[in-house]
Protein chains: 2
Amino acid sequence: MSEVYAARRTRLRERCQAGGSASALVSRPANVRYLAGAAPHGAVLLLGRHEDVLVCADPPDGRTDLAGLPDQELRLHALPGPGGDPAVAAAGLAAAEGADSLALEEHHVTVARHRAVRSVAPRVRLADLGGAVEQLRIVKDEEEISCLRIGAEIADQALGELLESILVGRTERHLALELERRLVDHGADGPAFPTSVGTGPNAGRRGHRPTDRRVEEGDFLSVCLGANYRGYRCEIGRTFVIGTAPADWQIELYDLVFAAQRAGRESLVPGAAYRDVDRAARQVLGSAGYTQGLLPLTGHGVGLEIDEDPQLAPAAMGKLDACVPVTVEPGVHLPGRGGVRIDDTLVVRPEADGGPELLTITTKELLAL
Amino acid sequence: MSEVYAARRTRLRERCQAGGSASALVSRPANVRYLAGAAPHGAVLLLGRHEDVLVCADPPDGRTDLAGLPDQELRLHALPGPGGDPAVAAAGLAAAEGADSLALEEHHVTVARHRAVRSVAPRVRLADLGGAVEQLRIVKDEEEISCLRIGAEIADQALGELLESILVGRTERHLALELERRLVDHGADGPAFPTSVGTGPNAGRRGHRPTDRRVEEGDFLSVCLGANYRGYRCEIGRTFVIGTAPADWQIELYDLVFAAQRAGRESLVPGAAYRDVDRAARQVLGSAGYTQGLLPLTGHGVGLEIDEDPQLAPAAMGKLDACVPVTVEPGVHLPGRGGVRIDDTLVVRPEADGGPELLTITTKELLAL
């Protein structure tokens with residue numbers, strides 16, 4: 001594995017040098033993990049002139065975090081005592097290497113931390129690394145995609161088991177906890193994000209926090225969950241009806257959101273503009289008169305974070321590449337009545353390879369439970 | 001309730017004015033919640049010259065977050081569309097009010113965000129609010145303490161139920177999940193932090209992440225959990241032995257850590273230096289030869305965050321006040337063999353009021369389960 005991380009650091013180093021900085025200090029945890037294979041709490045990564053160093057707040061606890069390490073080409077440097085800032089120590093190392101310039105993640109480093117870094121490296125020019133690592137992370141390798149695929153299988157299993165159990169009378173909160181337990185039962189390191197379960201008027205609300213409301217006959221029930229597998233986070237969302245016969249308005253709303261979600265999925269081709277994927281789904285909802293109160297985005301990238309680049313939104317700039325995993329998750333929520341969200345994680349693939357790869361395979365038929 | 005938050009904002013405003021800033025922009029979520037009674041995702045609080053404004057990223061979802069609001073003296077301002085930065089909008093409001101100076105939390109605001117704030121308020125002098133709000137949060141009112149007390153009762157209940165169940169053969173991961181489910185069953189909004197369960201060689205390690213290791217006869221089993229009740233987070237940690245008869249080394253180690261923890265608890269009096277509480281516990285361990293590999297701190301404050309000021313550590317400056325809730329959590333971990341941690345949440349009280357108030361009342365006898 002370790003060559004993978006070394007290769008990623010080489011790509012980043014090339015970008016930095018193109019940007020005029022020989023050295024970079026990476027502090028955002030997901031970025032550190034992407035480049036080092038591990039991100040012990042508080043650790044930062046120095047891409048130095050002479051060597052790469054993972055600077056840890058204190059001797060890291062191996063078992064979980066340091067999977068992948070030791071990496072031949074990465075030196076591990078643990079701060080001697082508590083209380084020190086690894087970023088400040090890393091800047092000191094860069095200065096000692098005679099770095100003339102050091103690029104920091106100014107979207108992550110606080111003003112106070114930046115000042116502390118400057119004070120230990122007064123002769124080093126501090127530059128902005130910007131979202132360079134986030135950009136590298138957008139296109140995944142097959143190793144990363146297989147982690148997402150396994151995570152998606154785990155989420156499908158957990159959801160499938162829930163559907164076989166009695167739901168009426170149980171609270172959103174308990175259903176969410178049960179789903180998270182099942183994720184772990186099936187091998188997840190944990191939930192990818194707080195599991196969302198919404199019933200009745202809460203159904204279809206993105207990111208709804210489970211409450212003590214109980215599932216009732218006739219409710220919409222919407223569920224959104226994901227597994228964290230080896231640090232990779234996927235997402236699946238489904239909406240069901242409780243009871244034997246869905247009401248007409250429920251069937252209509254479901255069919256509409258399903259059509260919008262399919263339109264989004266079908267527009268996932270290499271070269272498609274992010275905004276066009278969003279428009280494809282949004283147009284279907286708009287054609288039925290739903291233009292207000294829609295989600296600001298139709299989907300987003302997933303990987304080491306559950307919400308990463310790209311954003312599939314009206315104002316998003318950029319085009320999809322192959323091997324980019326994204327969610328497609330349109331929804332409609334009617335205040336006081338509830339609503340529908342359908343959410344899949346897919347990987348963009350060329351037509352020649354069969355088009356978008358659906359990772360979350362739980363049925364999208366309207367099930368009456 | 002809303003007067004409580006208004007009074008807190010008044011105290012902060014007085015500090016700001018003493019520091020030369022008429023206006024302040026609070027962005028750290030726990031600080032926003034402390035001053036506004038709610039912290040919708042991404043919201044920031046502007047303490048302006050003429051009014052206080054809670055600036056939200058988008059129309060906030062009332063049910064959970066806005067408990068406590070609306071607050072007569074606090075205006076709610078939601079950004080019209082997605083993608084905007086509430087801090088930038090708040091700075092714009094401050095500039096429109098003619099603020100000459102605006103204090104930001106430079107330990108929380110990123111360099112990039114600071115730059116964006118500066119660009120919308122070029123004529124406003126940007127100052128550092130520092131940890132002013134964190135300092136206000138150290139001493140709790142009885143309302144806050146009662147939330148911590150209820151949270152501690154919930155954690156005691158969850159732990160008590162676990163002890164009545166069969167433990168041998170179950171994994172750390174499942175025990176942790178069951179504890180979190182029980183916390184919610186008993187009325188917690190959720191766990192205060194990721195529940196830690198360590199068995200055998202993992203026992204006694206602070207912040208140990210549960211693994212798939214199963215509980216075995218003769219193991220030490222250490223558990224650390226807490227409830228989040230109305231945003232307030234408490235902590236309890238206990239260590240048990242599995243099987244009928246603890247080994248001599250287990251009894252000796254337990255008695256030692258117990259003595260250290262008691263020494264720490266007994267030193268919790270108003271006016272005691274933070275470092276003296278740490279020393280009281282550390283000396284007991286040191287007198288038995290345990291000086292290496294100890295925790296960098298003996299305890300810490302709890303409240304809206306599980307780890308807040310003060311730190312009870314060797315180099316900590318400052319003295320305890322009454323009504324400051326802290327943990328006392330010394331431990332010893334023997335690599336390869338496991339160890340013991342005992343962790344309580346207590347509130348500092350004057351002798352006249354009976355001394356420190358123990359919130360987590362589960363027995364600290366060495367139980368053999």
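Residues numbered from 1 in each chain as written. Chains lettered and ligands numbered in written order. Predicted model: local features only at pLDDT ≥ 70, side-chain atom pairs only at ≥ 80, totals over all residues. Heavy atoms only, no water.

### A word on the packing of helix α1 (residues 2-18) of chain A against helix α2 (residues 29-36) of chain A
Residues and elements named next belong to chain A. It is at 7 Å that the axes of α1 and α2 come closest, and there the two elements cross at 115°. Residue-level inspection shows Y5, R8, R9, R11 and L12 of α1 in contact with α2, the latter providing R33, Y34, L35 and A36. Here the residues of the contact of α1 with α2 are counted per class, giving 5 nonpolar, no polar and 4 charged. (Axes fitted to C-alpha atoms, helices over the stretch in contact; angles between N-to-C directions. Helix = DSSP H or I, 4+ residues; strand = E, 2+ residues; numbered from the N terminus. Contact = heavy atoms within 4.5 Å. Nonpolar A, V, L, I, M, F, W, Y, C, P; charged D, E, K, R; others polar.)

### Comments concerning unusual backbone geometry
Here the residue pair D309 of chain A and P310 of chain A is connected by a cis peptide bond, since its omega of 0° sits within 30 degrees of zero. Positionally, P310 of chain A belongs in strand β14 (residues 308-312). If you check the backbone angles, R230 of chain B has positive phi at about 55° while not being a glycine. When you line up the elements, R230 of chain B lands in the loop between β10 (227-229) and β11 (232-233).

### A few points about the side chain of R8 of chain B
Residue and element names in this part refer to chain B. Structurally, R8 is set in helix α1 (residues 2-18). Engagement of the side chain of R8 in a polar contact is seen with the backbone oxygen of Y34, the distance being 2.8 Å. When residues no more than four places from it in sequence are discounted, the contact partners of R8 are Y34, L35, L136, D141, E144 and Y232. (Polar contact = N/O pair within 3.5 Å; in protein donor to acceptor, adjacent residues only side chain to side chain.)

### A closer look at the pairing of strand β12 (residues 236-241) of chain B
All names here are of chain B. Counting buried residues in β12 gives 6 out of 6 residues, a clear majority hidden from the surface. Residues I236, R238 and F240 point to one face of β12 and G237, T239 and V241 to the other, with burial holding for every one of them. The pairing of strand β9 (residues 220-225) with β12 spans 6 bridges and is antiparallel. By the bridge assignment, F220 is partnered in β12 with V241. (Buried < 20%, exposed > 50% of the residue type's maximum accessible area, 1.4 Å probe, protein only. Pairing = 2+ DSSP bridges.)

### Comments concerning the environment of A203 of chain A
All names here are of chain A. As for its position among the elements, A203 is in the loop between β8 (196-199) and β9 (220-225). For A203, a relative accessible area of 0% corresponds to the buried category. For A203, the residues in contact, after removing those within four places along its chain, are G198, F220, L221, S222, H333, G338 and G339.

### Notes on the packing of aromatic side chains
When we look at a pair of aromatic rings, we describe it by the centre distance and by the angle of the planes. Throughout the structure, instances matching the rule amount to 2 aromatic pairs over all chains. With 5.5 Å between their ring centres and 85° between their planes, F220 of chain B and W249 of chain B make a pair best called edge-to-face. Of this pair, F220 of chain B sits in strand β9 while W249 of chain B is found in helix α9 (residues 248-266), placing the two residues 29 residues apart along the sequence. Here F220 of chain B falls in the buried class, since its relative accessible area comes to 1%. Directly above the aromatic system of Y34 of chain A lies the positively charged group of R8 of chain A, at a separation of 4.0 Å from the ring centroid. (Phe/Tyr/Trp six-rings, centres within 6.5 Å; stacked < 30°, edge-to-face > 60°. Lys NZ or Arg CZ within 6 Å of the ring centre and 35° of its normal.)

### As for the UniProt feature "domain: Peptidase M24" (unreviewed entry) in chain A
What UniProt calls "domain: Peptidase M24" (unreviewed entry) maps, in this numbering, to residues 147-349 of chain A. Helix makes up 32% of residues 147-349 of chain A and strand 23%. Its end C-alpha atoms lie 17 Å apart. (UniProt positions renumbered as here; feature names shortened; annotations may be inferred.)

### Quick look at the domain arrangement of chain A
Residues and elements named next belong to chain A. For chain A, the assigned domains read domain 1 (2-136) and domain 2 (142-358). On a C-alpha basis, the centroid separation for the pair domain 1 and domain 2 is 35 Å. Taken residue by residue, the interface counts 7 residues in domain 1 and 7 residues in domain 2. Each partner contributes to the roughly 530 Å² buried at the junction of domain 1 and domain 2, and carbon and sulfur atoms together form 46% of this total. Here R8 ties to E144 by a salt bridge, and the two come within 3.7 Å at their closest N and O atoms. Across the domain 1-domain 2 interface, the total number found is 2 residue pairs in polar contact (both at pLDDT 80 or more). Going through the elements one at a time, α2 and α6 (132-138) are the ones with two or more residues in the side of domain 1 that touches domain 2. Residues of the side of domain 1 that touches domain 2, tallied by class, amount to 2 nonpolar, 1 polar and 4 charged. (Domains from an automatic or database assignment. Buried area = accessible area lost by both parts, 1.4 Å probe. Salt bridge = Lys/Arg side-chain N within 4 Å of Asp/Glu carboxyl O.)

### Observations regarding the sheet that holds strand β7 (residues 190-191) of chain A
Residue and element names in this part refer to chain A. Pairing within the open sheet is antiparallel, and its 3 strands lie in the order β7-β10-β11. Looking at the sheet topology across the chains shown, the edges are occupied by β7 and β11 (232-233). Here 2 bridges tie strand β10 (residues 227-229) to β11, and the two strands are oriented antiparallel to one another. In the sheet register, N228 faces β11, and the bridge partner there is R233.

### Quick word on the interface of chain B and chain A
Counting from both sides, the interface comprises 27 residues of chain B and, opposite them, 27 residues of chain A. Summing both sides of the interface, chain B and chain A together bury roughly 2,200 Å²; the carbon and sulfur share of this comes to 53%. The interface formed by chain B and chain A includes 2 salt bridges. With its nearest N and O atoms 2.1 Å apart, the salt bridge here joins R115 of chain B to E106 of chain A. Where chain B packs against chain A, one counts 11 residue pairs in polar contact (both at pLDDT 80 or more). Sorting the residues of the side of chain B that touches chain A by element identifies α3 (62-65), α5 (111-120) and α8 (172-185) of chain B as the ones contributing at least two each. In terms of residue count, the dominant contributor to the side of chain B that touches chain A is α8 of chain B (6 residues). Of the residues that constitute the side of chain B that touches chain A, the class distribution is 8 nonpolar, 7 polar and 12 charged.

### Quick look at the relation of the copies chain B and chain A
Of the two same-sequence chains, chain B is brought onto chain A (RMSD 0.0 Å, axial shift 0.0 Å) by a rotation of 180°. Read as a symmetry element, the transformation amounts to a two-fold axis. Minimal C-alpha distance to the rotation axis in chain B is attained by T110 of chain B, lying at 1.9 Å. (Least-squares fit on C-alpha atoms with pLDDT ≥ 70 in both.)

### Some thoughts on the pattern of salt bridges
Within the structure shown, the criterion is met by 60 salt bridges over all chains. Linking R349 of chain B and E142 of chain B is a salt bridge whose minimum nitrogen-to-oxygen distance equals 2.8 Å. Here E142 of chain B lies in helix α7 (residues 142-163) and R349 of chain B lies in the loop between β18 (344-347) and β19 (357-358), a separation of 207 residues in the sequence. Through salt bridges with shared partners, one network takes in R28, E134, R137, K140, E305 and E308 of chain A.

### Comments concerning the nonpolar core
Residues and elements named next belong to chain A. Among the nonpolar cores identified, the biggest contains 59 residues, and L12, V26, L129, L183, L221 and L225 are the most heavily contacted of them. Among the elements that line this core, the one with the most residues is helix α7 (residues 142-163), at 10 residues. Residues lining this core come from more than one domain, with at least three contributed by each of domain 1 (2-136) and domain 2 (142-358). Contacts of L221, omitting those with residues within four sequence positions, involve L167, L175, V197, G198, T199, A203, V215, R238, T239, F240 and I242. (Core = buried A, V, L, I, M, F, W, Y, C linked by side-chain atoms within 4.5 Å.)

### Notes on the side chain of T362 of chain A
All names here are of chain A. Mapped onto the elements, T362 comes out in the segment after β19 (357-358). There is a polar contact of 2.5 Å between the side chain of T362 and the side chain of D156. Setting aside its immediate chain neighbours within four residues, T362 contacts D156, L159, I236 and R238.

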